[in-house]
Amino acid sequence: MMEFVLFLGLLFALGGLAVASNPSPYYGVVGLVVAAIAGGGWLVSLGFSFVSLMLVMVYLGGMLVVFVYSVSLAADPYPETWTDWGVVGYGFGMGLVVMVGLVVSGVFGLLTDVGTVNGAGLLSVRVDFSGAAVLYSEGAGFLLIGGWGLLLTLFVVLE
Amino acid sequence: MSHLHLSFYSAFILSSLGLAFHRTHLISALLCLESMMLSMYVALAMWPIQMQSPSSTIIPIIMLTFSACEAGTGLALLVASTRTHGSDYLHNFNLLRC
């Protein structure tokens with residue numbers, strides 16, 4: 001089980017690498033989908049299921065769908081692929097830079113483990129649900145400001 | 001630092017490198033910005049888990065809201081520039097040429 005969580009963490013970082021070294025926006029969106037699903041699965045493995053569900057529905061189902069439509073508007077008809085040498089060079093170079101930075105700063109000697117949301121069995125009040133409920137009760141100001149910001153963005157986009 | 005922190009830290013660094021080195025399309029820069037927002041969302045969601053404080057759960061939710069606003073604005077700019085220039089190639093955006 002621990003190996004699965006490590007694998008999800010690795011998939012998240014590889015999805016970020018795929019977005020950064022994309023040959024074409026079509027393949028960049030694939031990397032973003034992989035990273036979002038890996039991040040969502042990782043949050044579920046820590047017990048934080050509401051936040052993960054929100055990530056999948058709002059981010060993948062809302063924002064990325066709009067991105068895919070815009071990519072179909074703005075991308076070229078004969079894209080490069082993953083096996084072109086320029087793309088492989090970019091991906092390898094960026095991965096190498098990050099790995100060298102991590103090794104030089106000595107991070108790999110300092111790694112520890114992490115706990116979960118509720119380590120004592122089933123609870124009737126979970127951290128994520130009660131936290132999201134704060135948004136509607138004491139955090140009502142946040143809700144109103146967020147709604148106002150979204151309304152303004154609507155007018156910005158329409159203009 | 002735990003290995004999970006390492007994972008989203010390196011994803012954030014890679015996405016910001018991709019944003020700095022975007023080559024032909026404007027939309028690939030916007031995709032790197034979205035990936036930075038995703039890694040920041042996962043990072044902020046780690047906070048209520050590790051500090052066991054439920055009230056901090058609203059912070060990634062609010063961040064996702066404003067990231068959606070920003071993505072929509074960026075896409076509107078992309079569509080507007082595609083209408084005037086015909087494509088979103090970055091070497092076409094040379095109005096500020098000296």
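Residues numbered from 1 in each chain as written. Chains lettered and ligands numbered in written order. Predicted model: local features only at pLDDT ≥ 70, side-chain atom pairs only at ≥ 80, totals over all residues. Heavy atoms only, no water.

### Some details on the overall build of chain A
- Scanning chain A from terminus to terminus reveals six helices and zero strands.
- Each helix (α) and strand (β) of chain A, taken in turn from the N terminus, gives the series α-α-α-α-α-α.
- Taken over 159 residues, chain A has a buried fraction of 39%.
- Here the contacts in chain A between residues at least 6 apart in sequence split such that 67% fall between residues at least 24 apart.
- Of the roughly 8900 Å² that chain A leaves accessible, carbon and sulfur atoms contribute 76%. (Helix = DSSP H or I, 4+ residues; strand = E, 2+ residues; numbered from the N terminus. Buried < 20%, exposed > 50% of the residue type's maximum accessible area, 1.4 Å probe, protein only. Contact = heavy atoms within 4.5 Å. Areas by Shrake-Rupley, 256 points an atom, 1.4 Å probe, with all protein chains shown as cover.)

### Looking at the overall build of chain B
- Secondary structure summary: chain B contains three helices and zero strands in total.
- Taken from N to C terminus, the helices and strands of chain B fall in the order α-α-α.
- For 98 residues, the compact-globule formula gives about 13 Å, and the C-alpha radius of gyration of chain B, at 17 Å, lies well above that figure.
- Scored against the burial criterion, the 98 residues of chain B give a buried share of 50%.
- Of all intrachain contacts in chain B linking residues separated by at least 6 positions in sequence, the fraction that spans at least 24 positions is 53%.
- On chain B, roughly 4400 Å² of surface is accessible, and the fraction owed to carbon and sulfur atoms is 70%. (Rg over C-alpha atoms; globule rule 2.2 N^0.38 Å.)

### Section: the confidence of the model for chain A
All names here are of chain A.
- For chain A, per-residue confidence averages 78 on the pLDDT scale, and 74% of positions sit at 70 or higher.
- Within chain A, no element has a lower average pLDDT than helix α5 (residues 127-136), which sits at 66, and none a higher one than helix α2 (residues 25-45), at 88.
- Counted against residues more than four places away or in other chains, residues 117-122, with its pLDDT under 50, gives eight contacts. (pLDDT = per-residue confidence, 0-100.)

### So, the interface of chain B and chain A
- The partner chain A presents 72 residues to the 57 residues of chain B that form the contact.
- Summing the contributions of chain B and of chain A, the shared interface buries around 5500 Å²; its carbon and sulfur component is 80%.
- Within the residue set of the side of chain B that touches chain A, elements represented by two or more residues are α1 (3-20), α2 (26-51) and α3 (58-85) of chain B.
- Looking at the side of chain B that touches chain A, the element that brings in the most residues is α3 of chain B, giving 17 residues.
- For the side of chain B that touches chain A, the class distribution of residues is 35 nonpolar, 19 polar and three charged. (Buried area = accessible area lost by both parts, 1.4 Å probe. Nonpolar A, V, L, I, M, F, W, Y, C, P; charged D, E, K, R; others polar.)

### Some details on the packing of aromatic side chains
- This model, assessed by the stated rule, comprises two aromatic pairs over all chains.
- Taking the centre distance of 5.7 Å and the plane angle of 70° together, the rings of F12 of chain A and W42 of chain A count as edge-to-face. With a gap of 30 residues between them, F12 of chain A in helix α1 (residues 2-20) and W42 of chain A in helix α2 connect regions that are remote in the sequence. Here the two residues F12 of chain A and W42 of chain A agree in accessibility, since each one is buried.
- Judged by centre distance (6.3 Å) and plane angle (35°), the rings of W42 of chain A and F8 of chain B are tilted. Placement of W42 of chain A in helix α2 and of F8 of chain B in helix α1 is noted, with the two residues assigned to different chains. No difference in accessibility class separates W42 of chain A from F8 of chain B, as the two residues are buried. (Phe/Tyr/Trp six-rings, centres within 6.5 Å; stacked < 30°, edge-to-face > 60°.)

### Here we look at the environment of V71 of chain A
- As for its placement among the helices and strands, V71 of chain A is situated in helix α3 (residues 49-74).
- Not counting the four nearest positions on each side in its chain, V71 of chain A is found in contact with P25, Y26 and V29 of chain A together with I27 of chain B.

### Observations regarding the packing of α1 of chain B against α2 of chain B
All names here are of chain B.
- Taken N-terminus to C-terminus, the directions of α1 and α2 make an angle of 160°; their axes are 8 Å apart at the nearest point. When the axis of α1 is compared with that of α2, the two are roughly antiparallel. α2 is crossed by α1, and the crossing has left-handed handedness. Residue-level inspection shows L4, H5, F8, A11, F12, S15, S16, G18 and L19 of α1 in contact with α2, the latter providing A29, C32, L33, S35, M36, S39, M40, V42, A43, M46 and Q50.
- Residue composition of the contact of α1 with α2, by class: 13 nonpolar, seven polar and no charged. (Axes fitted to C-alpha atoms, helices over the stretch in contact; angles between N-to-C directions. Parallel < 35°, antiparallel > 145°, perpendicular 65-115°, else oblique. Left-handed = near helix turned anticlockwise from the far one by under 90°.)

### Some details on the nonpolar core
- Formed by 43 residues in total, the largest nonpolar core has its most connected members in F12, W42, L43, Y59 and F67 of chain A together with Y41 and M46 of chain B.
- Residue assignment for this core shows that the elements contributing at least two residues are α1, α2 and α3 of chain A together with α1, α2 and α3 of chain B.
- When residues in this core are grouped by element, the largest group, eleven residues, is from α2 of chain B.
- Apart from residues lying up to four places away in sequence, M46 of chain B is in contact with W42, L43 and L46 of chain A together with L4 and F8 of chain B.
- Judged by nonpolar contacts, the second largest core, of eight residues, contains L17, A20 and L102 of chain A together with L14 of chain B. (Core = buried A, V, L, I, M, F, W, Y, C linked by side-chain atoms within 4.5 Å.)

### Some thoughts on the UniProt feature "transmembrane region" (unreviewed entry) in chain B
Residue and element names in this part refer to chain B.
- Residues annotated in UniProt with the feature "transmembrane region" (unreviewed entry) correspond here to residues 6-22, 29-49 and 61-80.
- Annotated as residues 6-22, this span is 88% helix and 0% strand, and its ends, taken at the C-alpha atoms, are 24 Å apart.
- Summarising residues 61-80: 100% helix, 0% strand, and an end-to-end C-alpha distance of 29 Å. (UniProt positions renumbered as here; feature names shortened; annotations may be inferred.)

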